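Residue-level listing of the chains:
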Amino acid sequence: MRGARLLLETGVQQAAALALYTRAGFRRIPNFGYYEGLENSLCFELPLGG
């Protein structure tokens with residue numbers, strides 16, 4: 001499925017989650033939707049497939 005991706009959000013104080021997402025290959029993206037403008041929120045994506 002071309003262009004499919006997983007999106008997630010976590011808080012800046014969630015060190016274990018941040019480490020897990022980074023190890024799993026997620027990359028930081030601009031905050032989206034409800035999370036736009038929230039300073040304590042971090043959003044990530046992981047492209048799926050080809």
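Residues numbered from 1 in each chain as written. Predicted model: local features only at pLDDT ≥ 70, side-chain atom pairs only at ≥ 80, totals over all residues. Heavy atoms only, no water.

K.L.:
Break down the environment of asparagine 40 for me, with residues and values.
P.N.:
Within the secondary structure layout, asparagine 40 lies in the loop between strand E2 (27–29) and strand E3 (41–47). Along the backbone, asparagine 40 and glycine 25 are 15 residues apart, and their C-alpha atoms lie at a distance of 21 Å. (Helix = DSSP H or I, 4+ residues; strand = E, 2+ residues; numbered from the N terminus.)

K.L.:
Before we move on, could you go through the sheet that holds E3 and cite the residues and values that matter?
P.N.:
Strand pairing in a sheet relies on backbone hydrogen bonds. The paired strands run either parallel or antiparallel. An order of E1-E3-E2 is seen for the 3 strands of this open sheet, with the pairing classed as antiparallel. Sheet topology places strand E1 (5–11) and E2 at the edges, where each strand pairs with a single neighbour. Strand-to-strand twist across the sheet, computed as the mean angle between neighbouring axes with direction ignored, equals 40 degrees. Pairing of E2 with E3 involves 3 bridges; the strand directions are antiparallel. (Pairing = 2+ DSSP bridges. Axes fitted to C-alpha atoms, helices over the stretch in contact; angles between N-to-C directions.)

K.L.:
Could you give an account of the nonpolar core, with specific residues and numbers?
P.N.:
Proteins that are soluble and globular tend to have nonpolar side chains buried together. Judged by nonpolar contacts, Leu8, Leu18, Phe26, Leu42, Phe44 and Leu46 together constitute the single largest core of 6 residues. Here the element with the most residues in this core is E3; it accounts for 3 residues. (Core = buried A, V, L, I, M, F, W, Y, C linked by side-chain atoms within 4.5 Å. Buried < 20%, exposed > 50% of the residue type's maximum accessible area, 1.4 Å probe, protein only.)

K.L.:
Can you lay out the side chain of asparagine 31 for me, pointing to particular residues and giving the numbers?
P.N.:
Along the chain, the position of asparagine 31 falls in the loop between E2 and E3. In terms of polar contacts, asparagine 31 uses its side chain to reach the backbone carbonyl oxygen of tyrosine 35, at 3.1 Å. Not counting residues within four places of it along the chain, the set of residues in contact with asparagine 31 comprises Glu36, Leu38, Ser41, Leu42 and Cys43. (Polar contact = N/O pair within 3.5 Å; in protein donor to acceptor, adjacent residues only side chain to side chain. Contact = heavy atoms within 4.5 Å.)

K.L.:
Give me the packing of aromatic side chains: which residues, what numbers.
P.N.:
For any pair of aromatic rings, the description consists of the separation of the ring centres together with the inter-plane angle of the planes. One pass over the structure, following the stated rule, counts 4 aromatic pairs. Between tyrosine 21 and phenylalanine 44 the ring centres are 6.1 Å apart and the planes differ by 55 degrees, which places this aromatic pair in the tilted class. In this pair, tyrosine 21 is assigned in helix H1 (residues 15–23) and phenylalanine 44 in strand E3, connecting sequence segments 23 residues apart. Here phenylalanine 44 falls in the buried class, since its relative accessible area comes to 6%. Clustering of aromatic rings is evident, with ring pairs tying together Tyr21, Phe26 and Phe44. (Phe/Tyr/Trp six-rings, centres within 6.5 Å; stacked < 30°, edge-to-face > 60°.)

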